[in-house]
Amino acid sequence: LPQAIHSSPPDSPAMTDIEDLACLAAKFDRSNTRAPTSLQEVVSSGNCMGCGICESIAGPEYIQMKVLPPKQRMRPVFLKALEAEVHGKALAACPGAQVSSLPGWTPTTGMEAFVGKVMSIQRGYASDPETRFKAAAAGGLTTLGMHLIESKQVDFVVHVKACALYSDESTQGSKLSFTSAEVFDGRGSRYGPVAPLKSLEDALSLKRPFAVVAKPCDINAVRNYAKVDPRVDELCKCLMTVSCGTYADNVCVDKFLKQHEVEHSEVEEFRWRGHGCPGDTPYVKAKDGRVAADDYVDFWFYNGKEAGPLTYQWRCKMCSDFLGYQSDVVVMDCWPNGLPERRNAITEERKHEWDGWVLIIARTQRGQDVVDSAKAAGMLTLGPAEGREVLQTQPHQARRAASNFIRRYSHASRPLMALDEGAALRVAKWAMDEDFVDEVMATGPAAPVVADAAEQLREILPKGEAWAEAMLKMPERHIAYHLDNFKGTLKRLERGDATETVSTSAD
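Reference entry: report on the structure contained in this document. Bear in mind that the values here come from a model prediction, so they are computed numbers and not experimental data.

The rules we used
- Residues numbered from 1 in each chain as written.
- Predicted model: local features only at pLDDT ≥ 70, side-chain atom pairs only at ≥ 80, totals over all residues.
- Heavy atoms only, no water.
- Helix = DSSP H or I, 4+ residues; strand = E, 2+ residues; numbered from the N terminus.
- Rg over C-alpha atoms; globule rule 2.2 N^0.38 Å.
- Buried < 20%, exposed > 50% of the residue type's maximum accessible area, 1.4 Å probe, protein only.
- Contact = heavy atoms within 4.5 Å.
- Areas by Shrake-Rupley, 256 points an atom, 1.4 Å probe, with all protein chains shown as cover.
- Salt bridge = Lys/Arg side-chain N within 4 Å of Asp/Glu carboxyl O.
- Pairing = 2+ DSSP bridges.
- Axes fitted to C-alpha atoms, helices over the stretch in contact; angles between N-to-C directions.
- Expected span 1.5 Å × (residues − 1).
- Core = buried A, V, L, I, M, F, W, Y, C linked by side-chain atoms within 4.5 Å.
- Parallel < 35°, antiparallel > 145°, perpendicular 65-115°, else oblique.
- Nonpolar A, V, L, I, M, F, W, Y, C, P; charged D, E, K, R; others polar.

Next up on the list: the overall build of the protein chain. Looking only at helices and strands, the protein chain has 23 helices and 16 strands in total. A compact globule built from 507 residues would reach a C-alpha radius of gyration of about 23 Å, and the protein chain, at 22 Å, matches this within 12%. For the protein chain, the C-alpha atoms occupy an extent of roughly 70 × 60 × 45 Å along the three principal directions. The 507 residues of the protein chain split such that 59% are buried. Restricting the contact set of the protein chain to residue pairs at least 6 apart, pairs at least 24 apart contribute 76%. Of the roughly 20,300 Å² of accessible surface on the protein chain, 51% is carried by carbon and sulfur atoms.

This is the structure:
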């Protein structure tokens, strides 16, 4: 780092490197973030993402997960008051109250913190052509789930049925699959409201080894729950996830169906991904044979087209765990610059991508063992890859990373999910490492130039904090970047983007 970054404000300890600054910034975040103090406050403050673990712990007579209008978000409906012990247990598990980290690992740079803990990084695909074609993301997670059952490493897999319309109540919760065929039946992506953990207690009560396939925030909930219930670590043999770029509120699905004159009751098949990589996004087939589909690029990168504008829940916008930093295995798309080609404009140079390729990161030894055994069994075809490919193929995630710290700071006294020590350090290093911020800024447009950006940021940041003084001595482009993200987040908070209504039995 430039010498200016090493400078310290008067009467502060001498800062010698990025590690010290990041530790101070992380400590500040942990000391100044006001985490939600109840499940109801998790919801009302926009920190809920609908995983369903609260229903699993409390029981459906107390909490039921429902898809609620107007945004069609999965949320708990509070039916009866919980006993203090049960509420405390559910709040401790809630990923809207606490984001955790894998213990015993500390990144040294912003780039290391972004990629996360790595035992190995490999690139490849499901060896079975049907799985590779029909499942999402080259069939990576589907194959791993099938392999775990076929190799008898687990008795079943907790996941969801992905290829289903969000309003199909039978697929809104957990799917427990005891055969590889059942796992395959759940293939695909589900960019919509679903509660994959609402049956976690049912899974634990079977007292049989199992694996979980879910979003990073769901994996966060399982890791949190393991701290208060030893059965989790005893029975859950592998936690597997994706690189999650958030999902839009499913009012966009309603608009998409209306645009194509298809009623919910007429839908025979619905899917977000698969049948090629990425495949149609979304795709619908009506019972009378009518078919409608959009292109992945047009839908996600052009704000949903006619089904937009796309809106997103606040918890997703503030996520600090999008690359599955607590998982055993994470599978992610690996298109150059994070962007596939349109299906009607596939070039010779990149047409192989349509077959499906992914990066697979093993983060723990048990994750490494699972990936190795799937490869040895011939179920995955894999070759070596490098950590830098994660940034090159997930630039949108890198942009979320570098801005996460200052966006968290913009919350002031508003409730926001807390970070444990490892997660707070990860977030701080993303913001304080100049080399990483430069690499991130190179992936997208520069922040607007503001003549007095440093002065404005000085008024915003806390006085007398060494990390804040260091941030103010960053290059002007970095200061503009942090200021722009602070202002943008504050604007959204002030217009109520993080405010939600809590639903009860009286509603």
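Past the structure itself, the notes keep going.
Attention now moves to the pattern of salt bridges. Applying the stated criterion to the full structure yields 32 salt bridges. Arg75 is paired through a salt bridge with Glu500; the nearest N and O atoms lie 2.8 Å apart. Of this pair, Arg75 sits in strand 2 (residues 73-78) while Glu500 sits in the loop between helix 23 (476-494) and strand 16 (503-504); the two residues are 425 residues apart in sequence, bridging distant segments of the chain. The buried category is assigned to Arg75, whose relative accessible area is 4%. With a relative accessible area of 14%, Glu500 lands in the buried category. Here Glu130 and Lys134 are joined by a salt bridge, their closest N and O atoms 3.1 Å apart. Of this pair, Glu130 and Lys134 are both found in helix 7 (residues 129-134), 4 residues apart, which corresponds to roughly one turn of the helix. Residue classification places Glu130 among the partly exposed positions, given a relative accessible area of 41%. Taking relative accessible area as the criterion, Lys134 reaches 25% and is therefore assigned partly exposed. Each of Arg73, Arg75, Asp249 and Glu500 takes part in salt bridges that share partners, so that together they form one network.

With that settled, the discussion passes to the sheet that holds strand 16. Here 3 strands make up an open sheet; going across it, the order is 1-2-16 and the pairing mixed. Single-partner strands in this sheet number two, and they are strand 1 (63-68) and strand 16. Pairing of strand 2 with strand 16, which is carried by 2 bridges, proceeds in the parallel orientation. When the bridges of strand 16 are listed, Val77 appears paired with Ser503.

Turning our attention to the sheet that holds strand 10 (residues 280-286). Strand order in the open sheet formed by 3 strands is 9-10-11, with antiparallel pairing between adjacent strands. The sheet is open, and its two edges are formed by strand 9 (267-271) and strand 11 (291-295), each paired on a single side. Sheet twist, expressed as the mean angle between neighbouring strand axes with direction ignored, is 5°.

Here the focus is the side chain of Arg408. For Arg408, the location among the structural elements is in helix 18 (residues 395-409). Among all residues touching Arg408, those that are not within four sequence positions of it are Asp29, Thr33, Met318, Ser320, Leu416, Met417, Ala418, Leu419 and Val427.

The subject of this paragraph is unusual backbone geometry. With an omega dihedral of -15°, the bond running from Thr281 to Pro282 counts as a cis peptide bond. Pro309 follows Gly308 through a cis peptide bond whose omega is 0°. Checked against the element boundaries, Pro309 lands in the loop between helix 14 (296-301) and helix 15 (314-317). Even without being a glycine, Lys207 presents a positive backbone phi close to 55°. The residue Lys207 is located in the loop between helix 10 (200-205) and strand 7 (210-213) in this model. Overall, the relative accessible area of 70% leaves Lys207 in the exposed class. With a phi angle near 50°, Lys305 is a residue other than glycine that sits in the positive phi range. Tracing the backbone shows Lys305 in the loop between helix 14 and helix 15.

The next point concerns helix 16 (residues 365-376). For helix 16, with 12 residues, the first-to-last C-alpha span of 16 Å sits near the 16 Å given by 1.5 Å per residue. Of the surrounding elements, those touching the buried residues of helix 16 are strand 4 (120-126), helix 8 (140-150), strand 8 (236-242), strand 12 (329-333), strand 13 (358-362) and strand 14 (380-384). Phi turns positive one or two residues past the end of helix 16, at Gly378, with a value near 80°.

Okay, the nonpolar core next. Considering soluble globular proteins, one finds that nonpolar side chains tend to be buried as a cluster. Of all hydrophobic cores here, the largest spans 64 residues; its most connected members are Phe114 and Met471. Ranked by the residues each element gives to this core, the list is headed by helix 19 (residues 421-432), at 8 residues.

The next thing to look at is the packing of helix 20 (residues 434-441) against helix 23. Each pair of packed helices gets described by two things: the angle between the helix axes and the distance between those axes. Between helix 20 and helix 23, whose axes approach to 11 Å, the crossing angle comes to 70°. On the basis of the axis angle, helix 20 is roughly perpendicular to helix 23. Of the residues in helix 23, those in contact with Glu434, Val437, Asp438, Val440 and Met441 of helix 20 are Arg477, His478 and Tyr481. When its residues are assigned to classes, the contact of helix 20 with helix 23 shows 4 nonpolar, 1 polar and 3 charged.

For helix 23, with 19 residues, the first-to-last C-alpha span of 27 Å sits near the 27 Å given by 1.5 Å per residue. Elements that come into contact with the buried residues of helix 23 comprise helix 15, helix 18, helix 19, helix 20, helix 21 (453-460) and helix 22 (466-472). Just downstream of helix 23 lies Gly496, where phi reads positive at about 95°.

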